[in-house]
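# Architecture at a glance
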Amino acid sequence: MDLNQMFSLEGKVALVTGGAYGIGFAIAEALAGAGAKIAFNCRSQANLDKALADYQAKGIDAKGYICDVTHEDAVKQLVARIETELGPVEILVNNAGIIKRIPMLEMDAEDFRQVVDIDLVGPFICAKAVIPGMLKLGRGKIINICSMMSELGRETVSAYAAAKGGLKMLTRNICSEYGEANIQCNGIGPGYIATPQTAPLRERQADGSRHPFDQFILSKTPAARWGTPEDLMGPAVFLASAASDFVNGHILYVDGGILAYIGKQP
Ligand code: NAP
Ligand code: GCO
C-alpha cells in the first residue's frame, strides 16, 4: 500500500462527539483533511450554529446534530440518522467531556456522577451505538480522548481522574472484546492543551503576569509550552487510518513529554 493511501480516510464517515469547538473541532478538521465525511454533536443550538459556520469557513461540509452523549436513546437515534444521511460510522472519536475542579471533600456525589456520566458512560454509550455497524462493515476505529489524568492525579480533579482512568481501561476492554472483529480502539492522551476547558488555568493575573498554574505547566512540560488542538491532528489521523491497523488498546500520549519528566529541580 502506498503511504498516501495508508493514511487516507477518503469517503469514511467519522463521528466526533463534542466536535463543536476545542480539541474535537481540530480533530474533525484533520479527519476531513484526510478525506473523511464529518458528523459531530454538541448540546446547544447556539454552539451548533456557530460550529457549522466555523466548519463552513474551513471549507468542510460537516453535519452537526444536537445530542447529549449521556442519553442512550438519543445517541442510538443519532447514529441511525448519520447512517441514513452519510453512511455507516467507521470512525468514532469519543471527545465530548467536562471537568469540575472541586476539592474532593467539598464535592457532592451528584457532581462526581455527572463527570463520570459524560466522560466515561458517554463513550461507552457511543461505542455501543456504533459497534454493530462496524461489525457489519467488518472494520472500525474508535478513538477515546483520555488525559494526563488517565495516569496522574492532582488536587481537585478526583471525578475527572476516575473517569479518564476508567476510559483508558474501557479502551483496552473494547480492544479485547472486538479486536478479533477488526475493530481498533485506541486512546489519545492529550497533555495540557489550550482550549476553553483549560482557560481558567491560563487566565492572566491582575498585574498581567501568568497564572501560577500556567507557570507550573510550563515548568512541568519538557516542550516548555501548552499544547494546541492542532498538536492532536496527526495522531488522530494515524489512529483513524489503516496506518494503525495493528495498533490496538494503546493510549498515545501527546503531552510534550509531561509523563516522561519528574519536573524541574528547585
Ligand atoms: P472543551 O473546549 O470544553 O470542549 C468540550 C466539548 O464537549 C464541547 O464541544 C461540548 O459542547 C462537548 N460536550 C460536553 N458535554 C457534552 C455532552 N454531555 N454531550 C455532548 N457533547 C458534550 O474541551 P476540550 O478541552 O476541547 O476537551 C475535549 C476532550 O479532551 C474532553 O474529553 C477533555 O476531557 C479532553 N482533554 C482535554 C485536555 C485539555 O487540556 N484541554 C487535555 C486532555 C484531555 P457543548 O457544551 O455544546 O455540549
Ligand atoms: C486540570 C486540567 C486537565 C486537563 C487535561 C490534562 O484541571 O488538571 O483541566 O485535567 O484538561 O485533561 O491532560
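Preceding this paragraph is the structure being described.
The shown structure was predicted, so the numbers you read here are calculated from the model rather than taken from an experiment.

Rules of the game
- Residues numbered from 1 in each chain as written.
- Chains lettered and ligands numbered in written order.
- Predicted model: local features only at pLDDT ≥ 70, side-chain atom pairs only at ≥ 80, totals over all residues.
- Heavy atoms only, no water.
- Salt bridge = Lys/Arg side-chain N within 4 Å of Asp/Glu carboxyl O.
- Helix = DSSP H or I, 4+ residues; strand = E, 2+ residues; numbered from the N terminus.
- Near = heavy atom within 4 Å.
- Polar contact = N/O pair within 3.5 Å; in protein donor to acceptor, adjacent residues only side chain to side chain.
- Areas by Shrake-Rupley, 256 points an atom, 1.4 Å probe, with all protein chains shown as cover.
- 1 Å grid on protein atoms, 1.4 Å probe; cavity = no way out; pocket = protein on both sides within 12 Å on 5 of 7 lines; lining within 4 Å.
- Sits in = over half its atoms within 2 Å of the grid points.
- Points joined across faces, edges and corners; volume = space filled by probe spheres on them.
- Phe/Tyr/Trp six-rings, centres within 6.5 Å; stacked < 30°, edge-to-face > 60°.
- Buried < 20%, exposed > 50% of the residue type's maximum accessible area, 1.4 Å probe, protein only.
- Lys NZ or Arg CZ within 6 Å of the ring centre and 35° of its normal.

### Quick notes on the pattern of salt bridges
- With the rule as written, the count across this model stands at 12 salt bridges.
- Lys100 is the partner of Asp111 in a salt bridge, and the nearest nitrogen-oxygen pair spans 3.0 Å. Here Asp111, found in helix H5 (residues 109-137), pairs with Lys100, found in the loop between strand S4 (89-94) and H5; they are 11 residues apart in sequence, far enough to count as distant.
- For Asp214, the salt bridge is made with Arg210, and the minimal N-O distance between the two is 3.1 Å.
- Each of Lys12, Glu90 and Arg139 takes part in one network of salt bridges that share partners.

### Details of the site of ligand 1
- The immediate surroundings of ligand 1 are formed by 30 residues, with Arg43, Asn47, Asn95, Tyr160 and Thr195 found nearest.
- The contact in question runs from an oxygen atom of ligand 1 to an N or O atom on the backbone of Ile23, over 2.8 Å.
- The contact in question runs from an oxygen atom of ligand 1 to an N or O atom on the backbone of Gly191, over 3.5 Å.
- Burial of ligand 1 by the surrounding chains reaches 95%, relative to a free accessible area of 880 Å².
- Of the pockets mapped on this structure, ligand 1 occupies the largest pocket.

### Thoughts on the layout of surface pockets
- In this structure, the largest pocket spans a volume of roughly 810 Å³.
- Along its surface, the largest pocket is lined by 40 residues, and Asn95, Ala96, Gly97, Ile98 and Gln197 are the ones closest to its centre.
- Within the residue set of the lining of the largest pocket, elements represented by two or more residues are helix H2 (22-33), strand S2 (37-42), H5 and helix H6 (158-178).

### Looking at the packing of aromatic side chains
- As enumerated under the stated definition, the model contains 5 aromatic pairs in all.
- On the basis of an interplanar angle of 65° and a centroid distance of 5.4 Å, the ring pair of Phe213 and Phe216 is categorised as edge-to-face. Separated by 3 residues within a single helix, Phe213 and Phe216 lie in helix H8 (residues 212-220), roughly one turn from each other.
- Residue class for Phe213 comes out buried when judged on its relative accessible area of 13%.
- Put simply, the rings of Tyr192, Phe213, Phe216 and Trp226 touch in pairs and so form one group of aromatic residues.
- Over the face of the ring belonging to Trp226 we find Arg202, whose NZ or CZ atom lies 5.2 Å from the ring centre.

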